[in-house]
Structures are given as C-alpha cells and as structure tokens.
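One-letter residues, chain by chain:
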Amino acid sequence: MNQAQKEAYLREYSILKNEGKPFFPYAVAKDGAMACIVMVVIIFLSLLFGAELGPKADPTTTTYVPRPDWYFFFLFEVLRVMRNVPKFTPMATIGVPTICMILLFLLPFYDRSPERRIERRPIALAAGITTIAAMAYLTYSGAHTGSPNSVELKPPANLSASQLQTWHAGANVVGESGCLACHVIGENGNNGPGPVLTHIANTVPAAQIASTLRNPTPPMPSFKDLPADKFNDLVYFLSTLQ
Ligand code: HEC
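On a predicted model such as this, the values are computed, not experimentally measured, just so you know. (Residues numbered from 1 in each chain as written. Predicted model: local features only at pLDDT ≥ 70, side-chain atom pairs only at ≥ 80, totals over all residues. Heavy atoms only, no water.)

1. Examining the site of the ligand
Cys179, Cys182, His183, Thr217 and Met220 are the nearest of the 21 residues found near the ligand. In this structure, histidine 183 approaches the ligand through a side-chain N or O atom, which is 2.7 Å from a nitrogen atom. Residue threonine 217 places a side-chain N or O atom 2.7 Å away from an oxygen atom belonging to the ligand. Of all the secondary structure elements, the ones that give two or more residues to the shell around the ligand are helix 9 (206-214) and helix 10 (228-239). Tallied by class, the residues present in the shell around the ligand amount to 14 nonpolar, seven polar and no charged. (Near = heavy atom within 4 Å. Polar contact = N/O pair within 3.5 Å; in protein donor to acceptor, adjacent residues only side chain to side chain. Helix = DSSP H or I, 4+ residues; strand = E, 2+ residues; numbered from the N terminus. Nonpolar A, V, L, I, M, F, W, Y, C, P; charged D, E, K, R; others polar.)

Structure (structure tokens):
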C-alpha cells in the first residue's frame, strides 16, 4: 500500500466512523437477538421432529465399514488415495490440512494488496477457484467410491463379460463384508489375524472356501447369512485368486 492509498483509506475510515453507530450496544443487541431467534427455532424443531437415533452401536462387530459425514468426504478421499502408501498417511490427514489452515491464518500478512476488486486479484481468484474445484472434485469422488476397505485388484485377463461382472460384484462383497480387516488380498488389507488370501485358490478349492465362509474357525465371523447371490459372487471372486 503506498502513502496516497493509505491516506485515502484513513479519510474514508474517519468519515464512516463518524456516521456510524458504536458496536456496543447496537451490533451486540442485534447479534444477541438473532442468536435467541436461532436458539428458539432449534428448540422448536427438536420438540416438533425429535432427533433420529441410529441402530445401537455394536462394539464387537468386525465387519463395520466406516463412512464419514458428507462434509468430510474430501478428506476421506485424500486418505483413501493415500492409503496404499502408509508413510504418506499422516501427511495426508494431518500435514496437508494443517498447512492449508496456517496459510489461511497468515493470509493478511502475506497478501498485502489493497485491491478489493476481484478482477484485479488474479492470483487470489485462481487460488480460490482451484481450492473450491479441488474440494468439489474430492467430495464428489469421496461420495462415489466404495469404502476404504474396497479391493483394488486387476481382474484375471481371461474372464468373459459375465464372469467379469461376477468378479467385480464379489470384490465389492469383500469390501462391504470387512474381510480386509483380517486378511490381505494383493496390496489391500491387514496382515492377520487371518491368513493372506492373495493366492488362496491355488491351495483351497471353491467348495472348501464356501464351507469356510459358512463355518469358519473363530475369530473369523460366519458369512452364511449373506444373500445367496452375494455369497456366490464372493466365492467366485475368491476362487479366481491364484
Ligand atoms: C475377524 C477377522 C476375520 C474376518 C473379518 C474374516 N476372516 Fe477369514 N479368517 C480369519 C482367520 C483368523 C482365519 C484362519 C482360521 C483357521 O485357520 O481356521 C480365516 C480363514 C479364512 C479362510 C481360509 C483360509 C485357508 O487358508 O484355509 C478364508 C478363505 C477366509 N478366511 C476368507 C474370508 C473372507 C472372504 C472374509 C470376508 C467375507 C473373511 N475371511 C473375514 C479371520 C477373519
């Protein structure tokens, strides 16, 4: 800001200050009144509609697939993209958001431009649009992908179109059912307590896989209550892991 701009600004400021009303009590009274109205509306709505309670939490479940609320989908997506590189995970979840927050806090110190017109602030405009676009894109893809437990694996090359469909359906069942909490498939999942399943079809025939899924040895939960089509897709998928 140069000297002339500074003086013009101070002049304008003193004129506005003489015309205006003091913050206390005028603005405080206005804000207070609005806060009371919002409170009354919330109380009224909660009396009228009540709050929804989900099903009771089950602390013993091993197959729960966590999903964040929609306003965290962008962070969730960043985490999902990074999950195969564990050493980047802290960077994605703590590093990047913290750096962005610090940049935002420091904005008045490094952006000293007196311009307020948006067309004279190309860098700020570009940065703003990029941020909004990136968050919109990440939110969209976070909302449309499977869970962080989904299986990312290339299907075998020799499948027919309908086999390929079953294969993908089975891979989805693996994601939904939480198998990766205990098993590794390819580069997905946790190593243990269950054995690695990447090449399970080499040693265990499909019929035996199906019977393990129905009557497993604890701690593996039984999947005999899956709908028949999902169960068959799952067994088919596992029987292709060679
Ligand atoms: C709570 C952990 C857990 C979950 C969840 C789980 N498993 Fe297991 N699974 C195990 C353990 C432990 C074993 C080993 C049991 C044994 O040796 O008898 C096992 C064994 C198996 C076997 C037999 C492996 C072999 O070499 O004979 C298959 C196949 C299998 N699991 C598939 C699955 C699938 C598919 C899912 C998801 C639908 C799943 N598991 C979910 C823990 C789990």
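2. Some points on the pattern of salt bridges
For the structure on display, the rule yields four salt bridges. Residue aspartate 111 pairs with arginine 121 through a salt bridge whose shortest N-O separation is 2.1 Å. Here aspartate 111, found in the loop between helix 5 (107-110) and helix 6 (122-144), pairs with arginine 121, found in the loop between helix 5 and helix 6; they are ten residues apart in sequence, far enough to count as distant. A residue is classified by how much of its surface remains accessible, and aspartate 111, at 24% relative accessible area, is partly exposed. Note that arginine 120 and glutamate 115 form a salt bridge whose closest N and O atoms lie 3.3 Å from each other. By relative accessible area, glutamate 115 is classed as partly exposed at 26%. (Salt bridge = Lys/Arg side-chain N within 4 Å of Asp/Glu carboxyl O. Buried < 20%, exposed > 50% of the residue type's maximum accessible area, 1.4 Å probe, protein only.)

3. A word on the coordination of the iron atom of the ligand
Geometrically, a metal with four donors at the corners of a regular tetrahedron has ideal angles of 109.5 degrees, and one with six donors at the corners of a regular octahedron has ideal angles of 90 or 180 degrees. Around the iron atom of the ligand, the protein contributes the donor atoms His183 (NE2) and Met220 (SD), at 1.9 to 2.0 Å from the metal centre. Overall, the relative accessible area of 10% leaves histidine 183 in the buried class. Looking at methionine 220, the relative accessible area reads 22%, which means it is partly exposed. (Donors = N, O, S within 2.8 Å, 3.2 Å for Na, K, Ca; no water.)

4. Description of the nonpolar core
Inside soluble globular proteins, nonpolar side chains tend to come together where they are buried. Residues Val151, Val174, Ile185, Leu213, Phe237 and Leu238 are the most contacted members of the largest nonpolar core, which totals 22 residues. Going through the elements one at a time, helix 7 (161-177), helix 9 and helix 10 are the ones with two or more residues in this core. Looking at which element gives the most residues to this core, the answer is helix 10, with five residues. Here valine 174 is in contact with Val151, Cys179, Leu180, Ile185, Leu234 and Phe237, once residues within four sequence places are set aside. (Core = buried A, V, L, I, M, F, W, Y, C linked by side-chain atoms within 4.5 Å. Contact = heavy atoms within 4.5 Å.)

5. A word on the domain arrangement of the protein chain
What the domain assignment reports for the protein chain is domain 1 (13-49), domain 2 (70-144) and domain 3 (161-239). A straight line from the C-alpha centre of domain 2 to that of domain 3 covers 38 Å. (Domains from an automatic or database assignment.)

6. A closer look at the packing of aromatic side chains
Within this structure, the stated rule accounts for five aromatic pairs. With a centroid separation of 6.3 Å and an interplanar angle of 45°, the aromatic rings of phenylalanine 73 and phenylalanine 76 are classed as tilted. Of the two residues, phenylalanine 73 and phenylalanine 76 both sit in helix 3 (residues 73-82), three residues apart, roughly one turn of that helix. Here the aromatic residues Trp70, Tyr71 and Phe72 are joined through ring pairs into a cluster of three or more. (Phe/Tyr/Trp six-rings, centres within 6.5 Å; stacked < 30°, edge-to-face > 60°.)

7. Some points on unusual backbone geometry
Omega for the bond connecting phenylalanine 24 with proline 25 falls within 30 degrees of zero, at 10°, which places this linkage in the cis form. Looking at the secondary structure, you find proline 25 in helix 2 (residues 23-49). With an omega dihedral of 10°, the bond running from proline 218 to proline 219 counts as a cis peptide bond.

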